[in-house]
Structure formats: structure tokens, C-alpha cells
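Read off the chains here:
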2 protein chains.
Amino acid sequence: MRVEIWTDINCPFCYIGKSRFEQALDAFPHKDQVEVVHRSFELDPGLAKGETGSVVTKIAQKYGISEAQAAANERGLKEQAATLGLPYLSEGRDYGNSFDLHRLLHLAKEKGVQDAVVDALYRGNFAEEGSVFGDEERVVRLVVEAGLDESDVRAVLGDPSAYADAVRADEREAAELGAGGVPFFVLDRAYGVSGAQPAEVFTQALQQAWGDRAPLTVVDGGDACGPDGCAVPRT
Amino acid sequence: MRVEIWTDINCPFCYIGKSRFEQALDAFPHKDQVEVVHRSFELDPGLAKGETGSVVTKIAQKYGISEAQAAANERGLKEQAATLGLPYLSEGRDYGNSFDLHRLLHLAKEKGVQDAVVDALYRGNFAEEGSVFGDEERVVRLVVEAGLDESDVRAVLGDPSAYADAVRADEREAAELGAGGVPFFVLDRAYGVSGAQPAEVFTQALQQAWGDRAPLTVVDGGDACGPDGCAVPRT
């Protein structure tokens with residue numbers, strides 16, 4: 001079974017939602033037959049590379065609330081995270097263009113360390129001092145600690161076209177699947193879960209998708225080769 | 001829609017089957033929404049790396065037929081290929097361990113040139129003089145012409161662990177899906193086509209899998225972030 005999670009490193013509910021999903025997955029009896037893939041969704045693709053700012057200030061402006069109210073919202077997220085044992089730094093978080101981070105997530109997928117790199121970038125953005133949007137050297141350190149080769153990381157960051165098409169393709173697919181926001185979880189392309197739902201919702205979705213796994217309907221009988229040889233005329 | 005094709009470069013019916021599938025795909029009205037992925041299946045994983053020999057001699061021994069009869073079988077394959085416009089060299093083909101070729105197919109998948117590399121290796125094995133099992137420099141030339149970077153190719157060939165797990169994972173999945181031989185086509189993990197069937201069979205399978213594409217059943221309502229912001233308390 002395959003679970004695809006559309007996500008953005010900017011997105012606190014993606015950080016929280018991943019943890020809730022993992023609670024459900026850890027208790028799922030067929031966990032070892034579930035493949036998880038993280039897919040790209042930029043919340044704000046219009047930001048210039050390197051453009052960053054305070055999340056609290058931005059939220060206050062966007063919703064016409066005071067910075068104190070926006071800061072209280074961040075503390076609310078910290079409390080939600082704490083119920084899951086997730087560290088959350090409620091002050092000083094910044095936002096920024098996440099395109100390069102998504103390109104690194106595609107590199108990490110190829111190298112088999114995607115989940116660890118997602119976690120490292122979430123931690124770097126939500127749980128530790130410092131920026132993942134304005135401090136490229138910090139990003140390099142984080143993802144190398146998570147298992148990527150430094151030379152690969154620098155090659156991707158130095159070539160803006162590397163995995164750019166893969167990021168765009170993920171975003172097109174999200175739109176086709178009707179995902180207007182993230183996190184967006186898709187199970188075997190049959191069931192979707194939108195948002196950071198309670199773990200029980202993910203448990204139900206996993207059970208439902210698992211139960212619906214139909215055996216393949218196979219059209220048999222074509223000429224084929226196998227361990228015992230190809231279909232050859234016998235004497 | 002996703003079509004996975006388990007295949008081996010050693011397998012003439014994979015070469016022929018791919019062409020028949022492509023006839024069907026080319027005429028399929030939703031072709032541009034079909035993603036094709038080639039997956040690994042070694043017909044003879046027990047062969048040592050670099051161990052090669054004449055296919056005709058091997059077939060003769062395996063089936064207890066004369067070399068003349070085995071050679072006639074190769075000419076029969078040439079005739080089948082000719083009906084599809086596929087070149088086939090009916091004499092002198094060798095067999096060998098295909099593990100390194102499969103590792104290169106995984107590299108090619110990551111680089112977005114997998115289909116061209118599959119075609120290049122088939123051509124190199126079935127349609128041109130020379131070996132793809134005993135002549136690594138020739139393999140490098142073929143796959144570089146098909147779009148891979150030479151340095152990437154040499155790095156993978158020089159590191160036996162590169163993509164080895166990916167090849168093994170494909171083979172495990174083939175077994176789980178019940179594929180005892182190749183080519184084995186899987187459409188959206190719902191329909192399977194075993195062997196080099198006529199193009200009409202692939203057309204039917206494409207139509208059936210397309211018709212069965214259900215819209216996602218989405219559990220909505222979780223906290224999420226979108227282009228217009230995250231779920232934050234309004235004043």
C-alpha cells in the first residue's frame with residue numbers, strides 16, 4: 001500500500017499531521033507493507049528565493065490581528081505539538097520560499113532517506129533556532145546529518161533545474177487530486193485525508209484502504225520468460 | 001494512471017511486449033495521463049557477473065533440442081519482431097547476469113530517461129552486434145547515448161550497492177503480485193497483463209483501468225494550510 005503525503009516545510013499542520021499519521025501507522029498491523037512518499041506543495045510559490053520574514057508579523061498582517069494575537073496562535077500550535085511530544089519553538093519562526101527544500105526532498109527520495117530529511121527540515125524550521133529559508137549552510141548541515149551526501153546536496157542546490165520538474169509535477173498532481181491545502185494524505189490513490197486530523201481518522205483510512213486492496217485481475221497466457229526459460233517450441 | 005512493467009533485458013518477449021503495449025498506448029486517448037515505470041525482474045539471478053554464453057547453445061541444452069532447432073526459435077522471434085517493425089538479430093545473441101543493467105535502469109528512472117535507456121539496452125541486446133552482458137564499455141556508451149551522464153553511470157557501475165536494494169525491492173514486489181515471469185504489466189495495481197499479449201489486450205486493459213479510476217474519497221475538515229494561509233483563529 002502506498003501513502004503519499006503532500007506537504008510544505010512552511011506548514012505547521014504538516015509537521016503536526018505527519019506525527020498524528022505516524023501514530024496511526026505505528027499501530028497499524030500491516031505497517032511494514034506501507035510505503036510512505038512525501039510530495040511537494042509550496043504554500044507560497046510567489047516568494048523570491050531567500051525572501052524571509054517573521055511568521056508572527058505576516059499572520060498579523062494577513063488576518064488583520066495584533067501581533068500579540070498572532071503570537072498566541074503560535075503558542076497554540078506549540079501546545080498541539082506538545083500533546084504529540086513534538087518540540088515547537090513558539091517564537092521567532094520565519095517563512096520563506098521552499099522550492100529548494102522541495103528539490104532536496106526529491107533528492108532524498110531517490111537516496112532512500114526522504115523521511116529522515118523531512119523530519120530534519122521540520123525540526124530545523126519548527127523546533128530549533130535558525131532559519132531553513134535564509135541560511136543555506138544550515139540546510140546543508142541538517143540534511144547531511146539526516147543522511148544525504150554533502151556533495152549531492154551542494155550539486156542540487158547549485159543547479160536550479162535539478163528536480164525542479166519533479167516538484168512542479170507533484171504540484172500539478174495535487175491540483176488534479178483536488179488538494180487545495182496541506183497536509184494532504186492519499187492512500188493508494190483511493191482515499192484522501194485532508195489536514196492534520198486525529199490519529200483515529202488515519203487509522204480508519206489505513207484500515208479502509210487496506211481492506212479495499214483487490215487482488216490483481218490478470219490477463220494470462222501471453223508469451224513470457226521466467227526462471228525456467230522462455231516460451232520456446234518443445235520437440 | 002500508472003503502468004508498471006516488470007522486465008528483464010535478457011527477455012525477448014519483454015522487448016516484443018513493450019512494443020505491443022506501446023502500440024496500444026499510442027492509440028489510447030488518455031496517453032498523456034499514463035505514467036510508465038519499468039521494474040526489475042532477473043530471469044537468471046544465479047549467473048555470476050560477466051558470465052555469458054550463447055543463447056542458442058543454452059536453449060538447446062535446456063530443452064534438449066538441437067542447436068538448429070534453437071536457432072530456428074530465434075528466427076521465429078525475429079519474425080515476430082519484424083511484424084512490429086522491431087529489428088532483431090537472430091544469430092549470436094548472448095545471455096548474462098542483468099543485475100548491473102537493472103541498477104542502471106533505476107538510475108535512469110531517477111534521471112527521467114528510463115524509457116530511452118530500456119530501449120537502448122534492448123536494442124543493444126537484440127538488434128545489434130556485441131554484448132550488453134560482457135562488455136561494460138559498450139553498455140556505458142549505449143546508456144549515455146540514451147541520456148545518462150557518463151559520470152553517473154560509472155559511479156553506479158563502480159559501486160555494487162548502488163540501487164541494489166531498489167532492484168531487490170522490485171523483485172519482491174513482483175513475487176507479491178504473483179508474477180512468475182516477464183513481461184508483466186500492472187495497471188494502477190488493479191489489472192495485470194502477463195506476457196507479450198496482442199496490442200488489443202493492452203488496449204482493453206488500459207480502457208478498463210481508466211474506466212475504474214475512482215475519484216478520491218476524501219475525509220475533509222482537518223486543520224490545514226493553503227495558499228490563503230493556515231487555519232488560524234480569526235478575530
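Residues numbered from 1 in each chain as written. Chains lettered and ligands numbered in written order. Predicted model: local features only at pLDDT ≥ 70, side-chain atom pairs only at ≥ 80, totals over all residues. Heavy atoms only, no water.

Chain A is annotated in an unreviewed UniProt entry as DsbA family oxidoreductase of Streptomyces beihaiensis.

**Student:** For helix α1 (residues 12-26) of chain A, give the residues involved together with the corresponding values.
**Tutor:** With 15 residues, α1(A) should reach 21 Å at 1.5 Å per residue; the first-to-last C-alpha distance of 21 Å fits that figure. Burial in α1(A) covers these residues: P12(A), F13(A), C14(A), Y15(A), I16(A), G17(A), K18(A), S19(A), R20(A), F21(A), A24(A) and L25(A). (Helix = DSSP H or I, 4+ residues; strand = E, 2+ residues; numbered from the N terminus. Expected span 1.5 Å × (residues − 1). Buried < 20%, exposed > 50% of the residue type's maximum accessible area, 1.4 Å probe, protein only.)

**Student:** Can you lay out the relation of the copies chain A and chain B for me, pointing to particular residues and giving the numbers?
**Tutor:** At an RMSD of 0.1 Å, chain A and chain B line up after a rotation of 180° and a shift of 0.0 Å along the axis. Overall, the copies show the geometry of a two-fold rotation axis. Residues of chain A ranked by C-alpha distance from the rotation axis are headed by E110(A), positioned 3.3 Å from it. Take the interface residues of chain A: 100% of them recur as interface residues in chain B, which is what a same-surface contact looks like. (Least-squares fit on C-alpha atoms with pLDDT ≥ 70 in both. Contact = heavy atoms within 4.5 Å.)

**Student:** Break down the packing of aromatic side chains for me, with residues and values.
**Tutor:** As enumerated under the stated definition, the model contains 18 aromatic pairs over all chains in all. Ring centres of F21(A) and F202(A) lie 5.7 Å apart, and the angle between their planes is 85°; on these two criteria the pair is classed as edge-to-face. Taken as a pair, F21(A) in helix α1 and F202(A) in helix α9 (residues 199-211) lie far apart in primary sequence, 181 residues in all. Each member of the pair F21(A) and F202(A) is classed as buried. A network of ring pairs unites the aromatic residues Y15(A), Y88(A), Y122(A) and F126(A) as a single cluster. The positively charged end of K58(B) is found above the aromatic ring belonging to Y95(B), 4.3 Å away from the centroid. (Phe/Tyr/Trp six-rings, centres within 6.5 Å; stacked < 30°, edge-to-face > 60°. Lys NZ or Arg CZ within 6 Å of the ring centre and 35° of its normal.)

**Student:** Quick rundown of the environment of G130(B)? Include the residues and the values.
**Tutor:** All names here are of chain B. Note that G130 resides in the loop between α5 (114-127) and α6 (136-145). Residue G130 is classed as partly exposed on the basis of its relative accessible area of 47%. Spatially, the C-alpha atom of G130 lies 28 Å from that of Q197, the residues being 67 residues apart in sequence. Residues contacting G130, with those up to four places away along its chain left out, are G124 and R138.

**Student:** If you had to explain the environment of V140(B) to someone new, which residues and values would you point to?
**Tutor:** Residues and elements named next belong to chain B. Relative to the assigned elements, V140 resides in helix α6. Given the relative accessible area of 3%, V140 is considered buried. For the pair V140 and V153, spaced 13 residues apart in the sequence, the C-alpha separation amounts to 6.7 Å.

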